[in-house]
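Close look at the chain arrangement
For reference, the chains in residue letters:
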Amino acid sequence: MNTVDQQHIWHPYAKVPNEINAHLVSSASGVYINLDNGQQVIDGMSSWWSAIHGYNHPNLNKAVVDQLGKMSHVMFGGLTHDPAIQLAQTLVELTPENLTKVFFTDSGSVAVEAALKMALQYWHNKSQINKHKFVTLRGGYHGDTFGAMSVCDPDNGMHHLFAGVLPKHYFVKSPSMVAMDEALDDLEATLNAHSDTIAAMILEPVVQGAGGMRIYNPQYLTKAKALCDKHQVLFILDEIATGFGRTGELFALEYVDVEPDILCLGKALTGGYMTLAATITTDEISQGVGTLMHGPTFMANPLACSVANASIELLLNSPWQDNIADIETVLNIELSSLRLHDKVVDVRILGAIGVVELTQEINVEKVQNQLIEHGVWLRPYGKLLYTMPPFSISKQELLLITKAIKTVIEEL
Ligand SMILES: *Cc1c(COP(=O)(O)O)cnc(C)c1O
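This is a predicted model, so every value here is computed, not measured.

Before going further, it helps to examine the site of the ligand. Lining the immediate surroundings of the ligand are Ser107, Gly108, Ser109, Tyr141, His142, Gly143, Glu204, Asp238, Ile240, Ala241 and Lys267. Note that an oxygen atom of the ligand is positioned 2.6 Å from one of the side-chain N or O atoms of serine 109. In the environment of the ligand, a nitrogen atom lies 2.6 Å from a nitrogen or oxygen atom belonging to the side chain of aspartate 238. Bound to the protein, the ligand loses 83% of the 380 Å² it would expose on its own. Of the residues contributing to the shell around the ligand, the split by class is three nonpolar, five polar and three charged.

Attention shifts here to the sheet that holds strand 4 (residues 99–105). The strand order 4-12-11-10-7-5-6 describes an open sheet built from seven strands, whose pairing is mixed. The open sheet has two edge strands with one neighbour each: strand 4 and strand 6 (170–172). Sheet twist, expressed as the mean angle between neighbouring strand axes with direction ignored, is 20°. Bridge analysis of strand 4 against strand 12 (residues 277–282) gives six bridges, and the strand direction is antiparallel. By the bridge assignment, phenylalanine 104 is partnered in strand 12 with alanine 278.

Turning next to helix 12 (residues 364–373). For helix 12, the set of buried residues is Val367, Gln368, Gln370, Leu371 and Ile372. Following helix 12 by one or two positions, glycine 375 has its phi on the positive side, about 80°.

Reading the values: the criteria
- Residues numbered from 1 in each chain as written.
- Predicted model: local features only at pLDDT ≥ 70, side-chain atom pairs only at ≥ 80, totals over all residues.
- Heavy atoms only, no water.
- Near = heavy atom within 4 Å.
- Polar contact = N/O pair within 3.5 Å; in protein donor to acceptor, adjacent residues only side chain to side chain.
- Areas by Shrake-Rupley, 256 points an atom, 1.4 Å probe, with all protein chains shown as cover.
- Nonpolar A, V, L, I, M, F, W, Y, C, P; charged D, E, K, R; others polar.
- Pairing = 2+ DSSP bridges.
- Helix = DSSP H or I, 4+ residues; strand = E, 2+ residues; numbered from the N terminus.
- Axes fitted to C-alpha atoms, helices over the stretch in contact; angles between N-to-C directions.
- Buried < 20%, exposed > 50% of the residue type's maximum accessible area, 1.4 Å probe, protein only.

Below, the structure is given as structure tokens:
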């Protein structure tokens, strides 16, 4: 235990002094995180969806070092550079055809802020100033800044405290929690009643991540988009968690080839090396928006853009679809039978995501220590025990994760 850390540093979603000691990490390589006490753990979290190639990858290291020798950063106001140009071009090529304009930010939450701002400004400039609300799915998560918080699930407790401060938006039933038709009816009723005040719908495609790790039928996206079009409501997809292969498609929107008006990317964009995000929109919306009064100091950081370029190249040159299909197969074989377990409510698997929902709240510290004894790093929360490993994980390593999950459930 490090006393400075414990006494003085705030960790995510935690108190200071920290109630649960953070584990000191000395290095990380491949899928392994090396703890300072000599223990080695397989990272089953990909450092929150991001480290899709594992750690210390030679290609990604090289991209950073090469760029470092040129410049680590320059302001993006009035200046530009090759790493950003190349990355923007790649993102425009990889994402749906209608998406052509890229706004770089320094984190996922800020990418969401930029998306919301674009939607408001677009309608404002069309003299539709009443369109200043958003509609979103229950059970969603879009980040921790104020705009993003206001479209996170209002009841799951994460941002509950701010309920009185946050602007009130419309929350509709999620297709991950009710039948798809019921969810669509709820969306349609909300749009019928309020679309004159709604600027955009924002949602995570196919997988709702930190708001509950739930999966839904992609057909919902096609139908929700059609309803939004009909009611003149922009359609924002937040692929910050799902982007870059995680669900088995490069982007989850590809399950149904839906074309959002605005798309947010982040997390795995840099292979987990550095903080970078992007908000991508159409010609029409960018024209409608005009000058966007937003410009983070570290916008389009060249180190981050360089490693993003290297990460995307590495991903696309790898058999990523096969790797993710193999991970999905192992997760299905190893975790599905837990559905019959009396301490398990549900098992949800898609691509390189495996989720076990338990009947009871998990004692995070206890379970985490047990997992570490099994050589595995996971971060359970609430009733959820789940993994989204690096795509480079071997079958043997993945089996250690699934075995550890099963063992800790037995010992609950
Ligand atoms: C993590 C996440 C965010 C926020 O990204 P940060 O980089 O943590 O600010 C937004 N949306 C989704 C879907 C996420 O998973």
